[in-house]
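# A structural walkthrough
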Amino acid sequence: MSDMITADLVDLDLSADTKEAAARALAERMVAQGRVTDLEGFLADVAAREAQMPTGLDGGIGIPHCRSAHVTEPTLAFGRSAAGIDFGAPDGPADLIFLIAAPAGADDAHLTILSALARQLMNTEFTDALRSAGDAGTAATLIRGEEAPATAGSASAGAQASEDASEDSAATPVAASAGAAAGSTAPAPGAATESGSAPAPGATGTGGRPFRIIAVTSCPTGIAHTYMAAESLEKAGHEAGVEVVVETQGSAGFTRLEPAVIAAADGVIFAHDVPVRDKDRFAGKPTVDVGVKAGINRPAELISEVRGKAERGEVTAGAAAGTPVERAGDSTEGYGTKLRKWLMSGVSYMVPFVAAGGLLIALGFAIGGWKVNKAPSVMDHFVWTQTGSWGALLFQIGVVSFGFLVPVLAGYIAYGMADRPGLVPGFVGGSIALTINAGFLGGLAAGLIAGGVVMAIQKIDIPAALRGIMPVVVIPLISSAIVGFLMFVVIGKPIAAAQRGLTDWLGGLTGTNAILLGALLGLMMCFDLGGPVNKVAYTFATAGIAVASPSDSAMKIMAAVMAAGMVPPLAMALATTVRGKLFTQTERENGKAAWVLGASFISEGAIPFAAADPLRVIPSAMVGGAITGALSMGFGATLRAPHGGIFVVPLIGNPFLYLIAIAVGVCVSAALVVLLKGMRKQAPETTPTDPAANSATASKEAKQPVAA
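Residues numbered from 1 in each chain as written. Predicted model: local features only at pLDDT ≥ 70, side-chain atom pairs only at ≥ 80, totals over all residues. Heavy atoms only, no water.

### Remarks on the overall build of the chain
Keep this limit in mind: A helix here means a DSSP run of H or I that spans at least four residues, while a strand means a run of E at least two residues long, and both kinds are numbered starting from the N terminus. By definition in these notes, contact holds between two residues if any of their heavy atoms fall within 4.5 Å. With residues, only the protein chains shown are counted as cover, and all accessible areas are computed by Shrake-Rupley using a 1.4 Å probe.
Counting secondary structure elements, the chain contains 29 helices and twelve strands. Sequence separation of at least 24 residues holds for 74% of the intrachain contacts in the chain that already meet a minimum separation of 6. Of the accessible surface of the chain, which amounts to about 29,800 Å², a share of 62% is contributed by carbon and sulfur atoms.

### Observations regarding the packing of aromatic side chains
Here a ring pair, both rings aromatic, is described through the centre-centre distance and the interplanar angle of the planes. Rules: Aromatic contacts are taken between Phe, Tyr and Trp rings whose centres are within 6.5 Å, Trp giving its six-membered ring; a plane angle under 30 degrees counts as stacked, one over 60 as edge-to-face, and the others as tilted. Relative accessibility thresholds used throughout: buried, under 20% of the residue-type maximum; exposed, over 50%; partly exposed, between the two (1.4 Å probe, protein chains only). Note on criteria: charge over ring means Lys NZ or Arg CZ within 6 Å of the ring centre, with the direction from the centre no more than 35 degrees off the ring normal.
The full count for this structure, using the stated rule, is twelve aromatic pairs. On the numbers, 5.5 Å between centres and 75 degrees between planes, the contact of F270 with F282 is edge-to-face. Taken together, the residues F270 in strand β9 (residues 267-272) and F282 in the loop between β9 and β10 (287-290) connect sequence positions twelve residues apart. The exposure class of F282 is buried, given its relative accessible area of 1%. A ring pair is formed by W384 and W390, whose centres lie 5.8 Å apart and whose planes are at 80 degrees; its orientation type is edge-to-face. By relative accessible area, W390 is classed as partly exposed at 35%. What links up through ring pairs into an aromatic cluster is the set Y349, Y412, Y415 and F427. It is R307 that lies over the ring of F211; its NZ or CZ is 5.7 Å from the centre.

### Some points on helix α13 (residues 299-312)
What counts here: Here the expected length of a helix is defined as 1.5 Å per residue gap, with one fewer gap than residues.
For α13, which comprises 14 residues, the first-to-last C-alpha distance of 20 Å matches the rise-based estimate of 20 Å (1.5 Å per residue) to within 8%. Three or more residues of α13 are buried, namely P299, L302, I303, V306, G308 and K309. Looking at the packing, one finds that the buried side of α13 touches β7 (212-218), α10 (225-240), β8 (243-248), β9, β10 and α12 (292-297). Two residues or fewer past α13, G313 is found with a positive phi of approximately 75 degrees.

### Concerning the pattern of salt bridges
Basically, it comes down to this: One speaks of a salt bridge when a side-chain nitrogen belonging to Lys or Arg is within 4 Å of a carboxyl oxygen belonging to Asp or Glu.
Per the counting criterion, the structure on display carries 15 salt bridges. D11 is paired through a salt bridge with R29; the nearest N and O atoms lie 3.9 Å apart. Here R29 lies in helix α1 (residues 19-32) and D11 lies in strand β1 (residues 10-11), a separation of 18 residues in the sequence. The class for R29 is partly exposed, based on a relative accessible area of 27%. Measuring nitrogen to oxygen at the nearest pair gives 2.7 Å for the salt bridge that ties D95 to R131. Separated by 36 residues along the polypeptide, D95 in strand β6 (residues 94-103) and R131 in helix α4 (residues 124-132) bring together distant segments of the chain. You can call R131 partly exposed: its relative accessible area is 29%.

### Describing the sheet that holds β8
As a reminder of what qualifies: Here, any two strands with at least 2 DSSP bridges between them count as paired. Note on geometry: axes are lines fitted to C-alpha atoms, helical ones only across the stretch in contact, with angles between N-to-C directions running from 0 to 180 degrees.
Reading across the sheet, the four strands line up as β8-β7-β9-β10 and stay open at both edges, with parallel pairing between neighbours. Only two strands of the sheet have a single neighbouring strand rather than two, namely β8 and β10. Across the sheet, the mean angle separating the axes of adjacent strands is 15 degrees when strand polarity is ignored. In the sheet, β7 pairs with β9 via six bridges, with the strands oriented parallel. By the bridge assignment, T217 is partnered in β9 with A271. Its contacts with the sheet put α10 on β7, β8 and β9, and the angle it makes with β8 is roughly 175 degrees. In the packing of α13 onto the sheet, the strands contacted are β7, β8, β9 and β10, and the crossing angle to β10 comes to about 145 degrees.

### Focus on helix α17 (residues 405-418)
With 14 residues, α17 should reach 20 Å at 1.5 Å per residue; the first-to-last C-alpha distance of 20 Å fits that figure. The element α17 is extensively covered by neighbouring structure, given that 13 of its 14 residues are classed as buried. Residue D419 follows α17 closely and has a positive phi angle near 65 degrees.

### Things to note about the confidence of the model for the chain
As a reminder of what qualifies: pLDDT: the predictor's confidence for each residue, scored from 0 to 100.
Residue-level pLDDT values for the chain average 78, and 78% of them are 70 or greater. Low pLDDT (under 50) marks residues 328-332, which in the prediction has eight contacts with non-local residues, meaning those over four places away or in another chain. Below pLDDT 50 for its whole length, residues 681-708 participates in 37 contacts with residues either more than four positions away or in separate chains.

Here's what the structure looks like:
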């Protein structure tokens, strides 16, 4: 925590009169310390989080917070307002304002400490000591947990406690609760939630034992409210003599409660603003379901309510487990996001077939020659001592693997939408797409139709007597019939015509058009580094070669896509090598791994760099990727294998020029990253500030490299 807040990040005379002005004043201190790279961008992220739910809390506390790509390291700034600032709390303005800034890729340890601070805000001794702190250093020391509230108050008044007494009474508020904030390990059934506490008489569950409550807390950001609600519920439970065990589903991840703890609970409290993960675990128990702020502001009322439901025997029904996409999803996802995830579900299962089949076919050509595709079946003719036979074997295995691409794509799109019941109609629809030559586009359509049909069937109220045969007989039968009818009779022919048109268009690409397509695919490959846009470009390329005899244009596109995808990690590796001072120690270590990842065509090797500094890394990578893609198409390089990086160079047409195209893109991207990061490093020296701020900034830069 010592590196998260310093005296320079504390303002005990915050003069702002609105929450926006308060956030700006504290954020400017973060910028001066090199903790935030883009003030306006960061404030936009804070405002977006504030729009989801006000961050004011009872007791005069405002806790604006967000995760942002403009934050270089987890940081906390504190301001104290004499007049008070309205953060939307029910009891009025806040005089203690904590601005919490977490990087988009913050590690669990840092988030755990920030979450522990959120728990401490429920401690009145802690907040009272902050209100009485006489200087910024004392406030920062108190927040860091280096002094107990009583010790800090004495220091601000000028009184000195004895060293022995300080050692005996000093507490570390933040550090002490860090373990709890990470998602506490559930105690054994029957254990008290706090050491030495005993349930009050009358607060009993079944069998005369103490009443037991399990709770789940979560909020959109998962940094502050999640843990404050947990702390509030635990304290209220202790006061009521009730055992409360909380599962905090925060940004640092969460530890699931043990099944035995859940089974022994008498009631459940959900205090959440995002969906509870694995909610079906808690079915069949008295349940109170509220927003996370209710868990902070009225925990005793919630405990009383769940006990009342237990006395009346009110329990919740079992909930559906949800589809694979829903189980991994987020609360605020719209249909557009779900559609993307459904499609990516199919693509992610298809890619291994593409990789295995493509490499086997490429090796077959390399061993058996370019006429291996005309060889007879190895079932009829195979000579152990002839390389041609081995080449034909590899080629024919690869062709069989490629035959699964479209059915697997369609089947797992439907699986992502409707879980296992979607697999049968999805695979049937994908196979029909192959039969009618609708190809990749037909597979996409079949998967979406299959998933939609199954989801519609599942919404029909079915008599209890038929429910047992629904997933085995009824759903596969009806959904397969509907999907088959639509694919054969209604939409199959138009999609097959569109697929032929796309194939003909690719076959006619020459000259400038081909180079422009290579540049566009390069931009897409480097835009999100393994994300949806990257996958669209990669899937487009692999669909072209997913046949026994792909066209020359299709193999050129595959070569351009792989070359561009290798650029970002290799460029970051080169940049960390030539200008290591512009990167943190962690990034320099990541740079070493990026050499191998880039050479293996794993674009995700650049993600740590892009997450820390997206505005400099991503545009630089896109420029280099576009250049590489255009050069690869211009040089006429071809590739039959869909993966492999430099390890499949022997299988590439025009390999020397292909490597030159990659090298040029890598050098351009690395140069741009170094240039942009170098400009940012000089920015604090050219921005006029007061001497104290300049001194603090210079000291910060001397101690720590500029984060990417």
